[in-house]
Amino acid sequence: MDDARITELALRARDGHRDAAGEFVAATQQQVWRLLVHLADAAVAEELAQETYERALGSLRRYRGEAPARNWLLSIARRVAADHLRRRARRPVSPAEPAEDDRPVGRAPRPDPAESVAVRDALDALDGDRREAFVLTQVVGLSYEEAAAVCGCPIGTIRSRVARARADLVDALSEPPAAERPPRSG
Amino acid sequence: MTGNHTIPGDDQHGMDCDRCREAMSAALDGESDAAEQARVDAHLDGCAACRAWRRDAETVTRRARTGVAEPGPDLVALVLDAAPGPRARWRGTAARAGLAVVGAVQAVLGLTSLLGASMQHDAMADSIVVLGAGMAHATHESAAWNLALGVAFLAGALWTRHLAGLLPALGAFIAVLAVLSGIDLLAGRVEPARVVSHVVLVVGFVLGIAVVRAAPRSGPAPTPGGRWWARGEGPVAPHGAPAPDAARWERESDVA
Ligand SMILES: [Zn+2]
């Protein structure tokens, strides 16, 4: 679905059309979800996605349609993720957070577990700004210009961050594959 | 980190390895132009390391784009259920405006009785002393309390997150006051006008409940004073236009 259509849906949702709000969510939720999976983590992505839409729908009144609605929404998602990380940093020993190793077990089914875990680990290991730029452009599928709008930074910054992220991933993923990891027994 | 790959004679192509790789990265995303491509090609002719990097980068990009494509949950129903309808939103706004008005009225009432109490103070002989307080002081206390409630209503209309905490105490106060007012009215100990002024409190209480109900539930529990302004984002726009907090996300190392 193109940006103009999504923006139109957002404006109609603002004017009280519930079906437009539903379509707006349906059209954008995959991208919001993916962004949050990578900026925060999969265990909380659903909760954060809901918070994103809650904030977005709550502030639709102030949305005038100057920026494409999808960028506007993703910048809210980005802020929700940042708030989440800040909250988590403030409470470092929260017992509710699952340990890193417990995370992928039993979550949504994946096409190829080993491959996606390797890629996810490599992405997670990236510097935060680089990961954000890379995820926005490669996983969410934004252009550099759109990613720059979402992050509020110059296009050149996105371009160099994406390149550095790629270089880091080349280093991480071109190592011999992680298959030699000792299999977990238990 | 890849570091600097400087190759002797590199400068003649006008591009070193880092800039070449950035350009190749942009090209993989369709964000490069022909002039830049020409310089990349010139560099690649003399640089095997960058030719290998391009192959790796293509592979890595493909893996990153496809390897993490897990479907997310469908949130449409959840989000729509949680979202206030336009009616509820309008009601919430109206209730907040009403609460602000009631708060102002209540504050004026409190202030008036405070001033009135001060003026009467000299005229009144403090003959009756109950639990260590003379009439004048008891009047002061009640006036201060009324003024405080007005301020609390006003603050609740502005910062709705903190309103819920006020309601139980206020409810108890109103319940006790209603019973006592009834008794005092029957016994002729209070003028009806004074009792009518308590209606303002009841209205504020009801509006407070309406505001709390209409407010969107937000994720974390309220942390008084800490949520918005401690972060320097300002209380007005926690969300909305993307720009203001962008600077914090930038790092010098990443700004070419
Ligand atoms: Zn080179």
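Bear in mind the structure is a predicted one, so any value in this text is a computation, not a measurement.

## Remarks on the overall build of chain B
- Per the secondary structure count, chain B includes 9 helices and 2 strands.
- The linear arrangement of helices and strands in chain B, starting from the amino end, is α-α-α-α-α-β-β-α-α-α-α.
- Here chain B holds 256 residues, and 31% of them are scored as buried.
- Looking at chain B alone, contacts between residues at least 24 apart form 66% of all its contacts between residues at least 6 apart.
- Of the roughly 14,900 Å² of accessible surface on chain B, a fraction of 65% belongs to carbon and sulfur atoms.

## So, the environment of B:Glu141
- Checked against the element boundaries, B:Glu141 lands in helix H6 (residues 135-158).
- For the pair B:Glu141 and B:Leu114, spaced 27 residues apart in the sequence, the C-alpha separation amounts to 8.8 Å.

## A word on the coordination of the zinc ion
Residue and element names in this part refer to chain B.
- Around the zinc ion, the donor atoms from the protein are Cys17 (SG), His43 (NE2), Cys47 (SG) and Cys50 (SG), and they sit 2.1 to 2.3 Å away.
- What the 4 donor atoms of the zinc ion show is an angle range of 104 to 114° at the metal, which sorts the shape as tetrahedral.
- Considered as a linear motif, the donors of the zinc ion on their single chain read C-x25-H-x3-C-x2-C. Here histidine 43 and cysteine 50 have matching classes, each one buried.

## Focus: the packing of helix H7 (residues 167-186) of chain B against helix H9 (residues 199-214) of chain B
Residues and elements named next belong to chain B.
- Relative orientation of the contacting elements H7 and H9 amounts to 150°, with a least axis distance of 10 Å. In this view, H7 runs roughly antiparallel relative to H9, as classed from their interaxial angle. For the crossing formed where H7 meets H9, the hand is left-handed. Here Leu167, Leu170, Gly171, Phe173, Ile174 and Leu177 of H7 come into contact with H9, specifically with Leu201, Val202, Phe205, Gly208, Ile209 and Val212.

## Concerning the packing of aromatic side chains
Residues and elements named next belong to chain B.
- A full pass over the atoms with the stated rule returns 2 aromatic pairs over all chains.
- Between the aromatic rings of tryptophan 145 and phenylalanine 173, the centroid separation amounts to 5.1 Å while the plane-to-plane angle is 85°, which identifies the pairing as edge-to-face. Residue tryptophan 145 is found in helix H6, and its partner phenylalanine 173 is found in helix H7; the two are separated by 28 residues along the sequence.

## Here's the deal with the nonpolar core
- If you look at the biggest cluster of nonpolar residues, it comprises 76 residues, and the most contacted ones within it are A:Phe24, A:Val32, A:Leu35, A:Leu36, A:Tyr53 and A:Ile158.
- Broken down by element, this core gets its largest block of residues, 10 residues, from helix H2 (residues 18-39) of chain A.
- Those residues in contact with A:Tyr53 that sit more than four places away from it in its chain are A:Phe24, A:Val25, A:Thr28, A:Gln29, A:Val32, A:Gly58, A:Leu73, B:Leu75 and B:Val79.
- Of all hydrophobic cores here, the second largest spans 15 residues; its members include B:Phe153, B:Leu166, B:Ile174 and B:Leu207.

Parameters at a glance
Residues numbered from 1 in each chain as written. Chains lettered and ligands numbered in written order. Predicted model: local features only at pLDDT ≥ 70, side-chain atom pairs only at ≥ 80, totals over all residues. Heavy atoms only, no water. Helix = DSSP H or I, 4+ residues; strand = E, 2+ residues; numbered from the N terminus. Buried < 20%, exposed > 50% of the residue type's maximum accessible area, 1.4 Å probe, protein only. Contact = heavy atoms within 4.5 Å. Areas by Shrake-Rupley, 256 points an atom, 1.4 Å probe, with all protein chains shown as cover. Donors = N, O, S within 2.8 Å, 3.2 Å for Na, K, Ca; no water. Tetrahedral: all angles 85-135°; square planar, octahedral: opposite > 155°, others 65-115°. Axes fitted to C-alpha atoms, helices over the stretch in contact; angles between N-to-C directions. Parallel < 35°, antiparallel > 145°, perpendicular 65-115°, else oblique. Left-handed = near helix turned anticlockwise from the far one by under 90°. Phe/Tyr/Trp six-rings, centres within 6.5 Å; stacked < 30°, edge-to-face > 60°. Core = buried A, V, L, I, M, F, W, Y, C linked by side-chain atoms within 4.5 Å.

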